[in-house]
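# Structural overview
If you want the building blocks of each chain, they are given just below.
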Amino acid sequence: MIFSWFFLLVFFSACGLDTFYYLDPPISIDFIDETESLSNDPLKKFVSFATASSNADNADIFQGTSVYYKIYNSPDQLFNNKKSIENINKEYTNQGMELLISWGYQPLTTDKVTTANLVSAGQTKAVTIRLANTTQANQGYAYPANITVDGQSIGVPVRSVENKTFSFSSTADSDSIYSLPEEGQEDVSFSTGAGTSTWYVALYAVSTGMSPSLTPLYSQVVYLGSLAIVPSN
């Protein structure tokens, strides 16, 4: 009998119970979806969100907040992908993030912040993203591309491809930072026959972490919207 109880104790101690780690997602604040309607007001061509804050339950695993993006030449394809993500993007799971990664979504960085996390874990921060320079007639670049955290600039957003910008120009050569997206680039979803006069960038925010066993952790992803970019001449 003594041997039997000892065996059971060792068995359950060795097996243990699975530990689940949860991260709260960011919260969308200013949302725009230009696959539905293009905005002619440059002031409105941005998205913003609030990061989740650290707490006693996740302080050891919560690392920060990332934004993932993909460039589409077809608004219909972007919409279809968005609906597929919505169908599996359940609370306190990383299924949405896994699908984004499988589709080649890339972390958004800046010319100053090169890590995947735009914002480190800590107190709640307000993040605003203006991807491309936008103009008003005869006023030059009234609203330059920029990412701010609590009102402080963290740099100009850049693509994962050779640090090219999102301020596309139809006259720039392929080596320029302003060159157009191309079929086959890792951050581009290209649909044949869809045209290239307007490009659409889908944006998702996600809280990120690392488990004690060094397994990457992700929150439910938050769709920030899509921004349309018409290349300059």
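What you are looking at is a predicted structure, and each value in this text was computed from that prediction instead of being measured. (Residues numbered from 1 in each chain as written. Predicted model: local features only at pLDDT ≥ 70, side-chain atom pairs only at ≥ 80, totals over all residues. Heavy atoms only, no water.)

## A closer look at the pattern of salt bridges
Following the criterion strictly, the structure yields six salt bridges and no others. The salt bridge involving Lys-45 is made with Glu-34; its shortest N-O contact spans 2.7 Å. Placement of the pair is Lys-45 in the loop between β2 (32–33) and β3 (47–50) and Glu-34 in the loop between β2 and β3, with a sequence separation of 11 residues. Note that Asp-187 is salt-bridged to Arg-159, the shortest N-O span being 2.8 Å. Residue Asp-187 is found in the loop between β11 (157–158) and β12 (188–189), and its partner Arg-159 is found in the loop between β11 and β12; the two are separated by 28 residues along the sequence. Three or more residues are tied together by salt bridges with common partners; here these are Lys-82, Lys-83 and Glu-86. (Salt bridge = Lys/Arg side-chain N within 4 Å of Asp/Glu carboxyl O. Helix = DSSP H or I, 4+ residues; strand = E, 2+ residues; numbered from the N terminus.)

## Observations regarding the packing of aromatic side chains
Applying the stated criterion across every chain yields a total of eight aromatic pairs. A ring pair is formed by Tyr-22 and Tyr-92, whose centres lie 5.3 Å apart and whose planes are at 65 degrees; its orientation type is edge-to-face. Of this pair, Tyr-22 sits in the loop between α1 (2–15) and β1 (27–30) while Tyr-92 is found in the loop between α2 (75–88) and α3 (95–102), placing the two residues 70 residues apart along the sequence. By relative accessible area, which is 38% here, Tyr-92 ends up partly exposed. (Phe/Tyr/Trp six-rings, centres within 6.5 Å; stacked < 30°, edge-to-face > 60°. Buried < 20%, exposed > 50% of the residue type's maximum accessible area, 1.4 Å probe, protein only.)

## A look at the confidence of the model for the protein chain
Of the residues in the protein chain, 89% have a pLDDT of 70 or more, and the chain-wide mean is 89. Within the model, the stretch residues 1–17 combines pLDDT values under 50 with zero contacts to residues more than four positions away or in other chains. (pLDDT = per-residue confidence, 0-100. Contact = heavy atoms within 4.5 Å.)

## Considering α3
Those residues of α3 lying buried are Gly-96, Met-97, Leu-99 and Leu-100. Down the axis of α3, the sector holding all buried residues measures 160 degrees, keeping them to one side. Where α3 is buried, its residues contact β4 (62–72), α2, β13 (199–210) and β14 (216–218). (Arc of directions from axis to C-beta.)

## Regarding the sheet that holds strand β8 (residues 126–130)
Spatial strand order, β1-β3-β8-β9-β10: five strands in an open sheet with antiparallel pairing. Strands at the two margins of the open sheet, each flanked by one partner only, are β1 and β10 (152–155). Between one strand and the next, the sheet's axes are offset by a mean angle of 30 degrees, whatever the strand orientation. (Pairing = 2+ DSSP bridges. Axes fitted to C-alpha atoms, helices over the stretch in contact; angles between N-to-C directions.)

## Let's talk about the side chain of Ser-48
Among the structural elements, Ser-48 can be located in strand β3. Looking at Ser-48, the relative accessible area reads 4%, which means it is buried. In this structure the side chain of Ser-48 is engaged in a polar contact, spanning 2.5 Å, whose partner is the side chain of Asp-30. Setting aside residues no more than four positions away along its own chain, Ser-48 makes contact with Ser-28, Ile-29, Asp-30, Val-127 and Thr-128. (Polar contact = N/O pair within 3.5 Å; in protein donor to acceptor, adjacent residues only side chain to side chain.)

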